[in-house]
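# Summary of structural features
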Protein chains: 2
Amino acid sequence: MIPDTLTQGQYDTVYNFLSLVIASQLFTAVFLVIAMPRILPRYRQAITVAIVVCGIAAYHYFRIFDSFKEAFVSDAAGGAGVYTQAVGASFNEGYRYVDWLLTVPLLLLELIAILALARKVQTSLLLRLLPAAALMIILGYPGEMSDDNMVRGIFGLLSTIPFLYILFVLFTQLTKSLASQPASVRRTLSQLRFLILLSWGVYPIAFLLPILNIEGSDAWVAMQVGYSVADILAKAVYALIIFYVARMKSYDDDPEFALRENSKEDAAVYARR
Amino acid sequence: MIPDTLTQGQYDTVYNFLSLVIASQLFTAVFLVIAMPRILPRYRQAITVAIVVCGIAAYHYFRIFDSFKEAFVSDAAGGAGVYTQAVGASFNEGYRYVDWLLTVPLLLLELIAILALARKVQTSLLLRLLPAAALMIILGYPGEMSDDNMVRGIFGLLSTIPFLYILFVLFTQLTKSLASQPASVRRTLSQLRFLILLSWGVYPIAFLLPILNIEGSDAWVAMQVGYSVADILAKAVYALIIFYVARMKSYDDDPEFALRENSKEDAAVYARR
């Protein structure tokens, strides 16, 4: 539940974290647009998806930021540095779900695209992962919007089923595909699944807080900070790791490209291969 | 502490300096985007990072500028040309920390990337410098946000430890790496460390002012001007020097490129080499 009042410190913390997410997503997207020629064409589709994901996230955080600014107003009567909920405005958590509905399937697409698997394997993975991702978000939404813990619990549980299925596919089917990846990126790709587990895991935890009766303004601020950090990890940091993988695979695929893109010392290493 | 009132002159000074920073950062970024083909591909990753740093700084100065405009309103009762703190708005210094948290590690990455060292040396330097930079900013934040000089002092001191460590690495470990750089840029790169020392040194000085009881509106205005100048030096001017180094190294690496990129007179000099 959205708290009735926030202290100056709580207000500033949420404010600064929301702004941090905007800056992180926006400039990760800018970085990737400019850095696109630094990878081979066959990996640029994955990076294009990553740019779109970070762009969509930046857009929604602009909205969340504005919604937050409008929802809380400084209360002169309450003394300096106290913010109360504005009459007729409410903080819109729904933006997060609209964001996730678009970005979560794209995040999985990003991962599959960077693997550059045979089309048949790729299609089979996408047909399983993307609908599951969309279903996970759609089922979570009615729970988030409800003030009834029963409704929240039921939809939370339903939403967990596709989440577990996604993890199952990532940790079993994808493991097989890792064997076909160059040695230089196999470890990074394997760790990327744990970044997904870690950062996506924040959302069900935040979802559970009201059910566990962890409420009040401190819990709410912690939840906003948690969502913000999770979104930075799951989209911006994730995209940069995907870019790193794309670069390593590009060097591996094309020694000429590696020569041009690396320091003279490292280029000598590639030339000797 | 943020002063209760500002004169017209003080208000305009802060206003104009904040705008100067926006223009400097934004158009350094624009310049670098357009100038990217004027350097060899192997140095473009460093310039891409520089563009992102200047872009992030421009974004945050837009926010700081807006926050400043909302925090002070012209006070009719106080007579013409007097600005008082607006009820329910406060100037948000936190944006500076959010900015530094993202840009300071990237500034070090920029410097390491332009050196184009062997990957092993590079990774070792980054693993030491980047976490230290993030730690320095994170430890400074609670001190900046506190009105208690004791808390400010303790966190200021803690934050100084990673700062000194960064300087130590830059002035010892990096010195060794300078030997591998072409003669044409060795002096510039060596001087760049002094630009870091000089421009980064402004921040701890501004941090100390309240502890030294240097308060009041003049001191606050001086601090805002100091931060602004330091940010221009540490990001925009720094980026342009990095670009100059990238260009010199590009000529050095590829005489053909030097021929195309220089005046006919200078090209003749390169041709004789």
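Per an unreviewed UniProt entry, chain A goes by the name Bacteriorhodopsin and belongs to Rhodoglobus vestalii. One UniProt comment on chain A, placed under Subcellular location (unreviewed entry), says "Membrane". Its UniProt record gives chain A a comment under Sequence similarities (unreviewed entry), which states: "Belongs to the archaeal/bacterial/fungal opsin family."

Residues and elements named next belong to chain A. Those places that UniProt annotates as "transmembrane region" (unreviewed entry) correspond, in this numbering, to residues 14-34, 46-62, 100-118, 125-141, 153-171, 192-212 and 224-246. From the first C-alpha to the last, residues 125-141 spans 25 Å; its make-up is 100% helix and 0% strand. In residues 192-212, helix accounts for 81% and strand for 0%; the two terminal C-alpha atoms are 30 Å from one another.

All right, on to the sheet that holds strand β3 (residues 82-85) of chain A then. Residues and elements named next belong to chain A. In spatial order, the strands read β1-β3-β2; together these three strands make up an open sheet with antiparallel pairing. Each having just a single partner strand, β1 (5-7) and β2 (72-74) make up the two edges of the open sheet. Ignoring which end each strand starts from, the neighbouring axes of this sheet average 30° apart. The sheet contacts of helix α1 (residues 8-35) involve β1, β2 and β3, and relative to β1 the element is tilted by about 90°.

Let's shift gears to the nonpolar core. Phe68(A), Trp200(A) and Trp200(B) are the most contacted members of the largest nonpolar core, which has 178 residues in total. Residues contacting Phe68(A), with those up to four places away along its chain left out, are Leu6(A), Tyr11(A), Val14(A), Tyr15(A), Leu18(A), Phe91(A) and Trp220(A).

With that settled, consider the pairing of strand β3 (residues 82-85) of chain B. All names here are of chain B. Here strand β1 (residues 5-7) pairs with β3 via three bridges, running antiparallel. Within β3, the residue paired with Thr-7 across the bridge is Val-82. Relative to β3, strand β2 (residues 72-74) runs antiparallel, the two being bridged by three bridges. In the sheet register, Ser-74 faces β3, and the bridge partner there is Tyr-83.

This part takes up the interface of chain B and chain A. At the junction of the two partners, chain B supplies 29 residues and chain A supplies 32 residues. The junction of chain B with chain A conceals about 2600 Å² of combined surface from both sides, 57% of it contributed by carbon and sulfur atoms. Per-residue buried area on chain B facing chain A is highest for Arg42(B), Gln45(B) and Arg119(B); these three make up 23% of the total on that side. Put simply, chain B and chain A have zero salt bridges between them. Where chain B touches chain A, the interface holds seven residue pairs in polar contact (both at pLDDT 80 or more). Residue assignment for the side of chain B that touches chain A shows that the elements contributing at least two residues are α2 (44-71), α3 (94-115) and α4 (119-145) of chain B. Broken down by element, the side of chain B that touches chain A gets its largest block of residues, eleven residues, from α2(B).

Cut-off values and rules
Residues numbered from 1 in each chain as written. Chains lettered and ligands numbered in written order. Predicted model: local features only at pLDDT ≥ 70, side-chain atom pairs only at ≥ 80, totals over all residues. Heavy atoms only, no water. UniProt positions renumbered as here; feature names shortened; annotations may be inferred. Helix = DSSP H or I, 4+ residues; strand = E, 2+ residues; numbered from the N terminus. Pairing = 2+ DSSP bridges. Axes fitted to C-alpha atoms, helices over the stretch in contact; angles between N-to-C directions. Contact = heavy atoms within 4.5 Å. Core = buried A, V, L, I, M, F, W, Y, C linked by side-chain atoms within 4.5 Å. Buried < 20%, exposed > 50% of the residue type's maximum accessible area, 1.4 Å probe, protein only. Buried area = accessible area lost by both parts, 1.4 Å probe. Salt bridge = Lys/Arg side-chain N within 4 Å of Asp/Glu carboxyl O. Polar contact = N/O pair within 3.5 Å; in protein donor to acceptor, adjacent residues only side chain to side chain.

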